[in-house]
Amino acid sequence: MATTHRASKRNEQKTAANAKSTTTAAGEQSTDAQPTRQTTSGQSASPAAARTTERGGARVTRAKATRRTATHAPATRKTAAGSRSARRAATATAPTPSVIEPVFDAYGEAAAPTIPVSDPSQFGRVVVMDVTPNEESNRFPARVELGETFRITAEIFIEGRAKTGATAILRNPRGREMMRRQMACTNAGLDRWETDLKAGEHSDLKPWDKEYATVKRQLGDWTLVVQGWEDSYASWLHDADIKVRVNDDVDNALKEGSALLRRWADAKDSHLKAAQRGVLQDAADEMDDESLSPADRLAAATSDAVTELHHTNPLRDGLSESAPTTIRVQRPKSSFASWYQFFPRSEGAYVDKASGKIVQGTLKTSVIGLERAKRQGFDIVYLPPIFPIGVTNRKGRNNTLVAGPDDPGSVFGVGSSEGGHDTVDPKLGTMDDFKSLVSKAHELGLEIALDFALQCSPDHPWVTEHPNWFRHKPDGSIAFAENPPKKYQDIYPIDFNADMPGIEKEVERILEIWIKAGVTIFRIDNPHTKPVRFWQDVIAAVTKRHPEILFLAEAFTRPGMMRALSYAGFTQSHCYFPWRNTKEELEEYLVTTNCDDGYYQHNTFWPTTPDILTAYLRDNGIAGHAVRAVLAAMGSPSWGIYSGYELIENVQRPGYEEQIDNEKYEIKVRNWANAEQYGISALLTSLNRIRREHTGLFGYHNLTLLESSDENILAFARHNPAELTGTGKPETLVVAVNLDGHNAHQSSVHFEMPDFGVDPKTGAHLRDELTGRDFSWGWDNYISLAPWADVAHVLNVMY
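The structure reproduced in this document is the subject of the present report. (Residues numbered from 1 in each chain as written. Predicted model: local features only at pLDDT ≥ 70, side-chain atom pairs only at ≥ 80, totals over all residues. Heavy atoms only, no water.)

1. Thoughts on the packing of aromatic side chains
Counted under the stated rule, the structure contains 28 aromatic pairs. Where phenylalanine 470 meets tyrosine 492, the ring centres are 6.2 Å apart and the plane angle is 65°; that geometry is what we call edge-to-face. Here the residue phenylalanine 470 occupies a position in the loop between helix 11 (461–465) and strand 24 (481–483), and tyrosine 492 occupies one in the loop between strand 25 (486–488) and helix 12 (500–516), the gap between them amounting to 22 residues. Of the residues examined, phenylalanine 470 reaches a relative accessible area of 3% and is grouped as buried. (Phe/Tyr/Trp six-rings, centres within 6.5 Å; stacked < 30°, edge-to-face > 60°. Helix = DSSP H or I, 4+ residues; strand = E, 2+ residues; numbered from the N terminus. Buried < 20%, exposed > 50% of the residue type's maximum accessible area, 1.4 Å probe, protein only.)

2. Re a nonpolar patch on the surface
On the surface, Val351, Ile358 and Val669 cluster together to form a nonpolar patch covering roughly 230 Å² of accessible area. Inspection of the secondary structure puts valine 351 in strand 20 (residues 350–351). (Patch = residues over 30% accessible without salt bridge, like charges linked within 9 Å, V, L, I, M, F, W, Y side chains within 5 Å. Areas by Shrake-Rupley, 256 points an atom, 1.4 Å probe, with all protein chains shown as cover. Salt bridge = Lys/Arg side-chain N within 4 Å of Asp/Glu carboxyl O.)

3. What to know about the sheet that holds strand 9 (residues 127–132)
One open sheet accounts for 4 strands, arranged 9-11-15-14; its pairing is antiparallel. Looking along the sheet, the strands with just one partner apiece sit at the ends: strand 9 and strand 14 (184–187). Strand-to-strand twist across the sheet, computed as the mean angle between neighbouring axes with direction ignored, equals 35°. Alignment of strand 9 against strand 11 (residues 149–157), held across 4 bridges, turns out to be antiparallel. By the bridge assignment, methionine 129 is partnered in strand 11 with glutamate 155. (Pairing = 2+ DSSP bridges. Axes fitted to C-alpha atoms, helices over the stretch in contact; angles between N-to-C directions.)

4. Re the sheet that holds strand 35 (residues 764–768)
With antiparallel pairing, the 6 strands of this open sheet are ordered in space as 31-32-33-38-35-36. A single partner strand is all that each edge strand has here, and the edge strands are strand 31 (703–706) and strand 36 (774–777). Adjacent strand axes in the sheet meet at a mean angle of 30° when their direction is disregarded. Judged from the 8 bridges that link them, strand 32 (residues 713–720) and strand 33 (residues 731–738) form a sheet pairing that is antiparallel. Directly across from arginine 718, in strand 33, lies its bridge partner leucine 733.

5. With respect to empty space enclosed by the protein
The final tally for this structure, using the stated rule, is 4 cavities of 30 Å³ or more. Here the lining of the largest cavity is built from residues that sort into 3 nonpolar, 7 polar and 2 charged. Together, Ile389, Gly390, Thr392, Arg394, Lys395, Gly409, Ser410, Gly413, Ser457, Pro458 and Asp490 line the second largest cavity. Along the lines of polarity and charge, the residues of the lining of the second largest cavity split into 2 nonpolar, 6 polar and 3 charged. (1 Å grid on protein atoms, 1.4 Å probe; cavity = no way out; pocket = protein on both sides within 12 Å on 5 of 7 lines; lining within 4 Å. Points joined across faces, edges and corners; volume = space filled by probe spheres on them. Nonpolar A, V, L, I, M, F, W, Y, C, P; charged D, E, K, R; others polar.)

The values are spatial; any link to function lies outside them.
This is the structure in structure tokens:
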């Protein structure tokens, strides 16, 4: 800091300079009437006024003529026919003149100006391009959950050797700035800049909670802008440091630096407080003190205080802003969700000892399924279709063509004489029974998701009421569903070509019925077999009335179709996780799920479903089920389990990747007392506990793969920087998994400590959230995992 003498001298110099400036301005004669602007000293000056300064002992005169861009409109000549309205019209259509106002330092050097931009195709003084996320020209907004950490990037540069800086600004739907963060250059060769942001704060409030209005106010379309600017301080410091070290033109370099610091202190954009301005002015005074050595004078400009201001309140010359990017902030559980699926007809089912026949469960007995899901820590219960099941061509056990007298049929053969998609299957109960089940779920803090399979059995009321909704063969019969050589004789697919508006209206009516009954999420069966526009229209209509409603797409199909369904409004999506089993496949898929794709397609990881039982789970037993549960729960913010996973139900139907005695076609009687012997139920509970305790880490944009030396050991980390955690400390989980369900493996795992906020001098202390054991880590770390002991580590970095 400057001495009292130096500070007093600075004030005297300012007073003298102001007096001189006032005298000069008063004595000037002007022959042309010109607009005036404020100079950096606060005095009015003509844009064409000559600026005389002292520079290196010589007097330098600079003409400060105002430059105008090519969009400047020429003067309009008045004509005899010119009326007031005509002049107003001309004024309205003429481009507004864009004035570039340069800013000069004490030695007459102009800083990079902010160049007005009147068209999205124009560049500012600094080039800002390729802001991500921004797919399809911002037609479909990037989507994040409230409080989810997400990463944004941009390409930012300026000509020549000048340094650049970048700032990301996030504003809520009302235009209020909610977060501003400096960006870091992560790839200098490609001019790539990045930073992490967070829209609002995470909440566990549910749509039926009284306080949910506080959540709702934060939802909607937020705005992201990226500002690029010339970092004049960094550019000057780079050259000055070299010149001082080699003793080349040192005095001029230091004087330029002191002038820059003074200009920085007066820059309104830097939003400096009085004390902060004093730091810069004092540093400038020391730089001008020729009694100090060049090294000491330079040190004044690189003190901790100045360096901190460069980080928090930089001098931003040539400020240039990107076009706005829309970030759609959605409600809790739109990304971070734990699903549990069960069939109501199997919950509470038992074998009648007298008859030997199965007595199916009902909506009333399904409460035991809710309670099991709650104990294991899940927050969404997903029910398959609960509508009446057709009789014509009803399928029997294991998809046989002929059903037995006691076979209940496939839940996906929707519709009978008892009703269609708007009716509860009488064998399960009534609509009041369903509402009671939903009410019980809400008491437990669980959401109810309902499967909506838009297809019909031959007995569905639509077949007679709306025959044009189905495709007919030349012989007049309705075509059943098929995917040759597969045939689904019990299902009629919908044909959307004749009356799509009518089908949309009916589907919206039906969804409204279930929403009123308490459903907050719909899982849509095979949406990729229906027009994308159909879903876009339906989802838009539903969410306009009920913005809290979420949609899960059960779409195992081409990437383009899955992406289009996400654009159309599906909040989450099934994906190909079950078939990604090797280390190479999983690493690729984890990156695909947790990257920019995650702004649009929210992959939810399910190890099994009623339709899927992979060879990996068939062949790796209990250890394989544990491995896939860890990968699903830790690898994606959204994951799900199909009931029976806890009992290691892993026998495939010969020739198919699905279970034998599939629950889609029959009622399962399970002995849940056996679940404890496998340990999977306890593992599921632990994984959901870890997720709840580290909610902020489970977004689609903060996963990093870690190098591991063994091909069977997969390692990755989830990390949030200290600025976004709310605790002032970083937060990190490190996951390491042995993919081999039969053999132990050892591996070295590389941990790039600075990337995760760990000081290499002290190393990292980690606690295994699954076992409670402690570990100390450095750069490269030895781990050993065995399927009969620990299949995985979930390590919490203790900061």
